[in-house]
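# Survey of secondary and tertiary structure
Here is what each chain is made of, one letter per residue.
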Amino acid sequence: MAEGWPADRPLNVLEVGAGYGSLTRHLLPLLPADRTEYVFTDVSRYFLDRAETEFAAYPFLRCDLFDLDRPPTAQGFDGRSADLVIAASVLHDMRQVRRTLAALRSVLAPGGVLLLVEQTTFHPWFDLVMGLQQGFDNFEDTELRQGHCLLDRAQWQQELTAAGFIRSELLTTTGGPASVGFDVLVAQGPAVQRRFAPEELRAFVAERLARHMVPAQLFALDELPLSPTGKVDRAALAQAGRRGSVRGRPARPPRTDRQRKLVDIWKEVLGLNQIDLADDFLELGGDSLLAARLAAQLQSAFGVPVPVRTVLEYTTVEALDGHLEQLLGPSEPITEER
């Protein structure tokens, strides 16, 4: 796949449940370093920190958290941009295989490929070794998996088809790992996919609502993330699209003491790590409730009344600083520490 990939576009690879990177270390040398974007994911930060150290020689690899039991869109993985998704000995640990396969298909680019490495034959002695691993008996789809969490070859291919993959193949040859029921499967996603067009919806809403009432970001979720008690997991829902808001360039630092205070307040209210002087409060996810909170903090910090309408009118740090300058006068410039 890497050898035949077009030279004018990057190869986007997403590895899920990557763990110790046992497969990753064999794959990375095969990929073109100048046109590959490899995202190494796991549910545990421990594995991500370890991977960042072990694979530091591969600058095209980055690490991120990804929980396969939660909707990808609620975690910021909603772009349908992965040309290749890799899942090595992890999908059998999922609570519901069908839901997870549908989720992985949803992050694939049109015509993208899913590569699976799975144990497809159950041996009684697994209960003494694999059975002690966390998640081995965590499955909920007992109508599909009875007695143990593994699927056989035929079941995997049936489930891949049911999840919307247009074709699947078993790549394992006879002998070797196949002799103990360890298999490699590949499946291809559909070449044409329906996509949600959030900008069209935003434009429609913008014609009918005040600017501060237009959602900064819109997401289409196949399902809402739920807590263990079955309620909507609002904390998980708040993570949707957070990765999409990461800046691809460093933010310009504040030039005055007042700008520095404004930036710090914006970071706290919006929950962001960095703020550019020209960032728009509404485009970063600010709404009328956050504007009220921001206005209260500004009034406390500068000792002057700051109505909510002022925050909604002067929506960048620079613009708001200019407004405050008319009330408070010039601010002291920040001098570099020597």
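Per chain, residues are indexed from 1 in the order of the written sequence. Reporting in this predicted model follows two pLDDT cut-offs: at least 70 for local features of residues, and 80 or more for side-chain atom pairs to be given and counted; totals over whole chains, interfaces and linings ignore these cut-offs and use all residues. Hydrogens and waters are ignored; side-chain quantities use all the structure's heavy atoms.

### Points about the sheet that holds strand β5 (residues 108–119)
Quick note on the threshold: When DSSP finds at least two bridges between two strands, those strands are taken to pair. Secondary structure follows DSSP: runs of H or I at least 4 residues long count as helices, runs of E at least 2 residues long count as strands, and numbering of each begins at the N terminus. Axes here mean lines fitted to C-alpha atoms, for a helix over just the part in contact, with angles spanning 0 to 180 degrees between N-to-C directions. We call two residues in contact when some of their heavy atoms are within 4.5 Å.
Spatially, β3-β2-β1-β4-β5-β7-β6 is the arrangement adopted by the 7 strands of the open sheet, whose pairing is mixed. This sheet does not close on itself; its edge strands, each paired only once, are β3 (61–65) and β6 (167–170). The mean angle between the axes of side-by-side strands here comes to 20°, regardless of whether they run parallel or antiparallel. Inspection of the sheet shows strand β1 (residues 11–16) paired to strand β2 (residues 36–42) by 5 bridges, in the parallel sense. Following the sheet pairing, Leu14 is matched in β2 by Val39. Contacts from helix α3 (residues 97–107) reach β1, β4 (82–88) and β5, with the element oriented near 140° to β5.

### Considerations on the side chain of Arg258
Note the cut-off: Only protein chains enter the accessibility calculation, which uses a 1.4 Å probe. A residue is then buried if its area is under 20% of the maximum for its type, exposed if over 50%, and partly exposed in between.
In this structure, Arg258 sits in helix α7 (residues 257–270). Judged by relative accessible area, Arg258 falls into the buried class, the value being 5%. Setting aside residues no more than four positions away along its own chain, Arg258 makes contact with Phe302, Asp321, Leu324, Glu325, Leu328, Gly329, Pro330 and Ser331.

### Describing unusual backbone geometry
Even without glycine at this site, Ser89 takes up a positive phi of about 50°. The topology assignment puts Ser89 in the loop between β4 and α3. Owing to a relative accessible area of 34%, Ser89 belongs among the partly exposed residues under this scheme.

### Focus on the pattern of salt bridges
To keep things clear, this is the line we draw: Whenever a carboxyl oxygen of Asp or Glu lies within 4 Å of a side-chain nitrogen of Lys or Arg, that contact is scored as a salt bridge.
Under the definition given, this model contains 15 salt bridges. Close ionic contact of Glu159 with Arg98 constitutes a salt bridge, the shortest N to O distance being 2.8 Å. On the criterion of sequence distance, the pair formed by Glu159 in helix α4 (residues 153–162) and Arg98 in helix α3 is long-range, its members being 61 residues apart. A cluster of three or more residues bridged by salt bridges with shared partners is formed by Arg25, Arg50 and Glu54.

### Here's the deal with the confidence of the model for the protein chain
The predicted coordinates ought not to be read in detail in places where the model reports low pLDDT. Going by this rule: Along the chain, pLDDT gives the predictor's confidence residue by residue, from 0 to 100.
Mean pLDDT for the protein chain: 85, with 90% of residues reaching 70 or above. Below pLDDT 50 for its whole length, residues 243–249 participates in 11 contacts with residues either more than four positions away or in separate chains.

### Remarks on the pairing of β3
Using the following cut-off: Here, the term right-handed applies to a crossover whose path from the first strand over the helix to the second runs clockwise when the strands point away from the viewer.
Note that β2 and β3 share 5 bridges and pair parallel. Along β3, the bridge assignment pairs Tyr38 with Leu61. Note on the crossover from β2 through helix α2 (residues 45–54) to β3: the handedness is right-handed.

### Looking at a nonpolar patch on the surface
As a reminder, the rule being used: Only residues whose relative accessible area exceeds 30% and that take part in no salt bridge are eligible for patches, with like-charged residues grouped when within 9 Å of each other and nonpolar side chains (Val, Leu, Ile, Met, Phe, Trp, Tyr) grouped when within 5 Å. A 1.4 Å probe and the Shrake-Rupley method give the accessible areas. Residues count as covered only by the protein chains that appear here.
A grouping of Phe196, Leu201 and Phe204 is seen on the molecular surface, where their side chains present a nonpolar patch of about 270 Å² in accessible area. Residue placement: Phe204 occurs in helix α5 (residues 198–206). A relative accessible area of 45% means that Phe204 is categorised as partly exposed.

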